[in-house]
Amino acid sequence: MKVKYFAWVRERIGRAEEEIELPADVGTAGELIVWLKGRGEEYAHALERDRFIRVALDQRHVRHDAPLSGAREVALFPPMTGG
């Protein structure tokens, strides 16, 4: 699965995207965020306020309880403001 990172999430992790193999026990967007936080200090820092992280599956905004099954791409980004 491709995971893309945007704005300060990308800056803190230090990469724009990566291909990952999901563990069998990661089934929702929220579980993915928790799993990513355990991958290293930069992930933990970027995702520390996980309830504010926005998620899109295949370019469609979803809630953290959305299932990942069938998704090819996950995007993680902070809340956006208009301008």
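One can find the structure itself at the top, above this paragraph.
Presented here is an overview of the structure given in this document. (Residues numbered from 1 in each chain as written. Predicted model: local features only at pLDDT ≥ 70, side-chain atom pairs only at ≥ 80, totals over all residues. Heavy atoms only, no water.)

Overview of the overall build of the chain
Regarding its fold elements, the chain presents three helices and five strands. From first element to last, N terminus to C terminus, the chain shows the α and β order β-α-β-α-α-β-β-β. In terms of overall size, the chain behaves like a compact globule, its C-alpha atoms giving a radius of gyration of 12 Å where 83 residues would be expected to give roughly 12 Å. In terms of its C-alpha atoms, the chain occupies a principal-axis envelope of roughly 35 × 30 × 20 Å. Here the chain, with 83 residues, has 37% of them falling under the buried criterion. Contacts in the chain between residues far apart in sequence, at least 24 positions, make up 47% of those at least 6 positions apart. When the accessible surface of the chain is totalled, it reaches about 5300 Å², and 47% of it is carbon and sulfur. (Helix = DSSP H or I, 4+ residues; strand = E, 2+ residues; numbered from the N terminus. Rg over C-alpha atoms; globule rule 2.2 N^0.38 Å. Buried < 20%, exposed > 50% of the residue type's maximum accessible area, 1.4 Å probe, protein only. Contact = heavy atoms within 4.5 Å. Areas by Shrake-Rupley, 256 points an atom, 1.4 Å probe, with all protein chains shown as cover.)

Remarks on the side chain of threonine 28
As for its placement among the helices and strands, threonine 28 is situated in the loop between strand S2 (17-19) and helix H2 (29-37). Only 3.1 Å separates the side chain of threonine 28 from the backbone nitrogen of glutamate 31, close enough to count as a polar contact. Among all residues touching threonine 28, those that are not within four sequence positions of it are His64, Asp65, Ala66, Pro67 and Leu68. (Polar contact = N/O pair within 3.5 Å; in protein donor to acceptor, adjacent residues only side chain to side chain.)

Some points on H2
Of all the positions in H2, only Ala29, Gly30, Leu32, Ile33 and Leu36 are classed as buried. Angular distribution of buried residues about the axis of H2 spans 155°; they occupy a single face of the element. As for H2, its buried residues are in contact with strand S1 (2-5), helix H3 (41-46), strand S3 (54-57) and strand S5 (73-77). (Arc of directions from axis to C-beta.)

Quick notes on the pairing of S3
Note that S3 and S5 share four bridges and pair antiparallel. Bridge assignment links arginine 54 to a residue of S5, and that residue is phenylalanine 77. Note: S3 against strand S4 (residues 60-62), three bridges, orientation antiparallel. Its bridge partner lying in S4, leucine 57 is registered against arginine 60. The turn joining S3 and S4, which pair antiparallel and follow one another in sequence, is formed by two residues; a positive phi near 50° is taken by aspartate 58. (Pairing = 2+ DSSP bridges.)

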